[in-house]
Every structure is written in C-alpha cells, then in structure tokens.
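Given next are the chains, with one letter for each unit.
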Amino acid sequence: MPEKVLFAGDANIDFIFSDLDTPPQEDREVFCKGYTTALGGSGTITAAAYARLGGSCDFCGLLGDDTNGRQVMEYLRNAGVGLTLLRRMENLETGITVSMIHGSTRTQVTYRGSLDVADETETLKQEMHDYGHLHLSGIYGTTQFLPNVTQVLQAAYDKGLTTSLDTQWDPSQTWPFADQWLPYITWLFVNESEAISLAVKHCGISDRKPDWEMAWEALAKKTPCPIIKLGPKGSYMGGNLYPPVDVDHVYDPTGAGDSFAAAFLYATIAAGQDACRAIHLAQAAGALACTFLGGNSERFTREKLYSMVENPLL
C-alpha cells in the first residue's frame, strides 16, 4: 500500500486572542496583549503538521469561497498539504473559531459555517484507494458528515487502509455512532476527558469516579490501540504511561493534541517505526506545539522535533 495519508474532518480558521489580562468574564470587557489569525480545525492542523514533518498527504474537505477559506488553503499549501480534494463553495462562509488564551488555558467559541454542510463521504470512498492511511479528526463539529463516518471507516478497512481517529470533544457527551467506529480504527487518539466520557457512554464503565486507566482498559476491548493524551502528565498506550517532554513555557496549547497525532502517524507510517518509539516523538510534538501561537507554525519542523528526543528516527 502507498504510504500517502488522506486527512479529512474539520477545516476552519482561528482568530486567536492571547495573553488575556484575566480569564473571559460574563458581561465584562477583558483586554489582551496579542492577536493573530491562524489555521484552525483539528483535521487541517494535523495534516499541516504531518506535511511539515515531511510526510506526503492530502486533505479532503469543504471551505467557503471567501477570504477566510482562501487563507486556510494558503496555510495548508505553505505547509505542503495536497489540496486537490479540498473544495470551496460559493455563498458559503468558512467556519471560524475564536480562541481566547489566559495562561495555559483557552476558551473557544466556534461558528460552524462550512462545517455545518461539509460531507465529503462519496469523495473519500472514491479516492481512498490512492492512499495507505485515512485519518479523521474533529468530526463532531461536522453535522452532515457525522452520520456517514461509519461507512467511510468501513470502506477504508475493506480496502486495506490503516485508519486513525481523533474524536475531539462531543458537546452532547452522548458520542453518537462512536461504538460503530471503534472496531475499524487502527489508532484512536483521545484526551483524558474524551476517553473517560466515551468509555462511560459506550464501554460500560461506571460514571462514579472513573479515571483514564479505567477508560483505556475499557476502550482497548473495543478498538485495537487507544492512545490517551494526558497533557503535562504524558500519554497512555498499551498499558504504559509515557512521560511528557518538558518545555520552558507553555504559550498556547492550541494544536498540541493534533501535533501529537501527526507526529505519531509520521513515525509509524512515513518512518516505519513501532508505536512504542513513535509515541516519544508524539510527546515531543505536543510539547513543541505549545511554544508558539496557533496550531500551525513554520517553527514546527522535523529538525526541531528530533532535537527534543534522545533517539531520533533517522
């Protein structure tokens, strides 16, 4: 199978307000010291990070044919992501996320826009034969695509592709369709809250003081390799806790989990490493992503990433 990766899921733009004087407050004006526009969407940030590491990939999705949509395409093009499967639609507004950062925490508000109508199911099924791996991310924000994810994952499985999924948070905490997806996923990326909520809903663990170890054990019975991202505590995979990679200052956590997934996929797919070695590079990628504003930056490079781990892959 070819090693080229097909990414799909949410695609939008981020408006980031950083260094807030205080956390956002109800009916109060809060000032900040920084502002930028950046690539948004878990799916697109992961694709950009994978390409910046040197991996070959395309992104399949939908944007509005507006200024923000054109800017998202430019961010992806500059990162090295293939855009032949990324559509733009007239009279449609590209989704927007406003991210407000205070210290190491962030508050996000998303206007779905194009995310509300994006459904590239048929394109994915028709084009996936040219790829070796399919990664889906941020799908709980794509209301039209969400009910069709099962058939896309099943089609990829039937065609012999490896697959991965980064759920992102389901605001309803009901996790519709997730139980159908788990058997078809090679690698499941979830953070601590997502893992616990998902396991309570679909894996039968008690909602009385559940923890991430309980969640991992339950998820591991449903899907081949769940990987729980634990932020400053590291990550958990295969019954083992992997320590974090420290950085001097956490400037913005946006994209840390997406970069983690991208580096893990790069190590396993493009560099041919086993999962235990790949997760060390993933830890470093998540840490590196916290050192710059926004989820995508020219500072995210393979050379910098390899300098952060003891045994680089090359």
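Since the model is a prediction, treat every value here as computed from it, not as a measurement. (Residues numbered from 1 in each chain as written. Predicted model: local features only at pLDDT ≥ 70, side-chain atom pairs only at ≥ 80, totals over all residues. Heavy atoms only, no water.)

## Here we look at the sheet that holds strand S2 (residues 12-20)
The sheet built from 4 strands is open, its strands ordered S3-S2-S6-S7 with mixed pairing. At either end of the open sheet lies a strand with only one pairing partner, and these are strand S3 (32-40) and strand S7 (105-111). Ignoring which end each strand starts from, the neighbouring axes of this sheet average 20 degrees apart. Contacts from helix H1 (residues 42-52) reach S2 and S3, with the element oriented near 80 degrees to S3. (Pairing = 2+ DSSP bridges. Helix = DSSP H or I, 4+ residues; strand = E, 2+ residues; numbered from the N terminus. Axes fitted to C-alpha atoms, helices over the stretch in contact; angles between N-to-C directions. Contact = heavy atoms within 4.5 Å.)

## Re the UniProt feature "domain: Carbohydrate kinase PfkB" (unreviewed entry) in the protein
Per the UniProt record, the feature "domain: Carbohydrate kinase PfkB" (unreviewed entry) sits at residues 3-294. Along residues 3-294 one finds 33% helix and 25% strand; the C-alpha atoms at either end are 28 Å apart. (UniProt positions renumbered as here; feature names shortened; annotations may be inferred.)

## Looking at the packing of H1 against helix H2 (residues 67-79)
Viewed as axis vectors pointing N to C, H1 and H2 meet at an angle of 25 degrees, and their least axial separation amounts to 8 Å. Judged on the interaxial angle alone, H2 and H1 are roughly parallel. For the pair formed by H1 and H2, the contact residues are Thr 44, Ala 48, Ala 51 and Arg 52 on the first element and Leu 76, Asn 78 and Ala 79 on the second. Residue classes in the contact of H1 with H2 are distributed as 4 nonpolar, 2 polar and 1 charged. (Parallel < 35°, antiparallel > 145°, perpendicular 65-115°, else oblique. Nonpolar A, V, L, I, M, F, W, Y, C, P; charged D, E, K, R; others polar.)

## Re the packing of aromatic side chains
In the structure shown here, the tally under the stated rule is 12 aromatic pairs. With a centroid separation of 5.1 Å and an interplanar angle of 45 degrees, the aromatic rings of Phe 17 and Tyr 35 are classed as tilted. One end of the pair, Phe 17, is in strand S2; the other, Tyr 35, is in strand S3, and 18 residues separate them in sequence. A relative accessible area of 47% places Tyr 35 in the partly exposed class. Residues Trp 212 and Tyr 236 carry aromatic rings whose centres are separated by 4.9 Å and whose planes lie at 65 degrees to one another, so their mutual orientation is edge-to-face. On the criterion of sequence distance, the pair formed by Trp 212 in helix H7 (residues 212-220) and Tyr 236 in strand S12 (residues 235-237) is long-range, its members being 24 residues apart. For the pair formed by Trp 212 and Tyr 236, the shared burial category is buried. (Phe/Tyr/Trp six-rings, centres within 6.5 Å; stacked < 30°, edge-to-face > 60°. Buried < 20%, exposed > 50% of the residue type's maximum accessible area, 1.4 Å probe, protein only.)

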